[in-house]
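Observations on the model geometry
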Amino acid sequence: MQTSTAGATGVAVTARVPATTANLGPGFDAFGLALACELVVRAVPGGDGPRVTTRGEGAGEVTEGDDNLVWRSLERLCVEQGVEPPPVRLEVVNAIPLERGLGSSSAAIVAGLVLGRALCDVRVGDRQLVELATEIEGHPDNVAPALLGGLVACARDDDGSLVVRRRNPAPGLRPVAFVPQARQATTAARAVLPATLPRAQVAEQAARAGHVLAGLLGAWPVAAGAAGDRLHEPARLEVMTATGAVLAALRERGLHAFLSGAGPTAVCLLDGTAGVELAELEAIGRAHDVTVRSLRPDLRGAFACADGGCALSGVQRTCAHCPRQGL
Ligand SMILES: Nc1ncnc2c1ncn2[C@@H]1O[C@H](COP(=O)(O)OP(=O)(O)O)[C@@H](O)[C@H]1O
Ligand SMILES: N[C@@H](CCOP(=O)(O)O)C(=O)O
């Protein structure tokens, strides 16, 4: 087995990965948007102490050993590439709240993968990383925007391979998240989903998905009344009643609002046409006892830069440590 270069050269590498909001209404397991709220992981060569230390969200909660999700994902890339895992410790600073539907697990997975790619100096393109991250996470719609930034739509080709398309969302699109204290693990929120749907609902869902995706790309304004989901929200909101009330209030105001990922966070996307002020949204948040976070889309995606790498690395994506492949 080839030995990784990172520990040998003693270079620290820092990965930055955005949060995500997945589904975006009727795009279950298909659409996702990266959000400017980061998980930062610094891989430091050698040293004693725990494999992973975490500050911020998840501190004192996520594991510090080799079973930590960031480390497991890094190791998984090494196994796939036939290289030894690098002798590093991981220092995590996390701003993404766990189990709220804002992609904390996808960010952890993507951080491990981009760190592995940089530390082991292996040639793995983004397409392969999205496939691998999807295998670990179980669905592509949050790992793909976490890696690529922007607005991402994913589908399966007839041959089973992933088709991933990424664009910047319409200029001025502004996500506002309504984050409850209550948590909901994604695995549990997937367990309540219906196994089948009536044909009329499937047809409606497909029509709405097309409407919403084109709208978010700037082709036309999204009509809030034609942007709701028929596949996952009805079942999930039965167990997340507080989020259901937030969504109802936002939709009553004419906004495109949805369950973010598996919930329980609700997100609305402002496109400048609704004439709504943040103060009004904050009032809705206060009325329902949830924290309102006005966010921006992240357009950069994940990157991993070695200390002393070129000044542009991770910004222009010209650095050998963050190779990009056309998708
Ligand atoms: N920074 C992190 N480090 C290690 N594990 C993490 C981290 N972030 C998330 N996780 C793992 O992922 C789980 C949350 O994933 P999930 O239930 O899919 O919710 P989310 O919607 O936040 O992704 C956490 O309980 C934890 O096990
Ligand atoms: N399509 C998935 C998205 C889960 O995203 P997360 O951020 O909640 O992990 C689903 O709806 O289950």
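Residues numbered from 1 in each chain as written. Chains lettered and ligands numbered in written order. Predicted model: local features only at pLDDT ≥ 70, side-chain atom pairs only at ≥ 80, totals over all residues. Heavy atoms only, no water.

With an unreviewed UniProt entry as reference, the protein chain is termed Homoserine kinase, source organism Egicoccus halophilus. The annotation that UniProt attaches to the protein chain under Sequence similarities (unreviewed entry) is "Belongs to the GHMP kinase family. Homoserine kinase subfamily." (UniProt positions renumbered as here; feature names shortened; annotations may be inferred.)

Turning next to the UniProt feature "domain: GHMP kinase N-terminal" (unreviewed entry) in the protein chain. Within this structure's numbering, the places UniProt gives as "domain: GHMP kinase N-terminal" (unreviewed entry) are residues 68-150. Note that residues 68-150 is 58% helix and 8% strand, and that its end C-alpha atoms are spaced 27 Å apart. (Helix = DSSP H or I, 4+ residues; strand = E, 2+ residues; numbered from the N terminus.)

Attention shifts here to the site of ligand 2. In the vicinity of ligand 2 there are 16 residues, among which Asn23, Asp29, Asp141, Arg190 and Arg236 approach most closely. In this structure, Asn142 approaches ligand 2 through a side-chain N or O atom, which is 3.1 Å from an oxygen atom. Across the complex, the protein chains shield 98% of the 340 Å² of accessible surface that ligand 2 would expose by itself. Structurally, ligand 2 is housed in the largest pocket. (Near = heavy atom within 4 Å. Polar contact = N/O pair within 3.5 Å; in protein donor to acceptor, adjacent residues only side chain to side chain. Areas by Shrake-Rupley, 256 points an atom, 1.4 Å probe, with all protein chains shown as cover. 1 Å grid on protein atoms, 1.4 Å probe; cavity = no way out; pocket = protein on both sides within 12 Å on 5 of 7 lines; lining within 4 Å. Sits in = over half its atoms within 2 Å of the grid points.)

It is worth spelling out the environment of Ala248 at this point. Examined against the element boundaries, Ala248 turns out to sit in helix α9 (residues 241-252). Counting along the chain gives ten residues from Ala248 to Phe258, while the straight-line C-alpha distance between them is 9.7 Å.

Its volume calculated, the largest pocket comes out at about 800 Å³. Residue lining of the largest pocket: 46 residues in total, with Leu69, Leu98, Glu99, Ser104 and Ser105 positioned closest to the centre. Of all the secondary structure elements, the ones that give two or more residues to the lining of the largest pocket are β1 (13-22), β3 (52-56), α2 (69-81), β4 (88-94), α3 (104-120), α4 (126-137) and α6 (186-191). With five residues, α3 is the single largest residue contributor to the lining of the largest pocket. Classifying every residue of the lining of the largest pocket gives 18 nonpolar, 16 polar and twelve charged. Along the walls of the second largest pocket sit 16 residues, with Val222, His256, Leu269, Asp271 and Thr273 positioned nearest its centre. Only α7 (199-216) and β9 (266-270) provide two or more residues apiece to the lining of the second largest pocket. Classifying every residue of the lining of the second largest pocket gives ten nonpolar, five polar and one charged. (Points joined across faces, edges and corners; volume = space filled by probe spheres on them. Nonpolar A, V, L, I, M, F, W, Y, C, P; charged D, E, K, R; others polar.)

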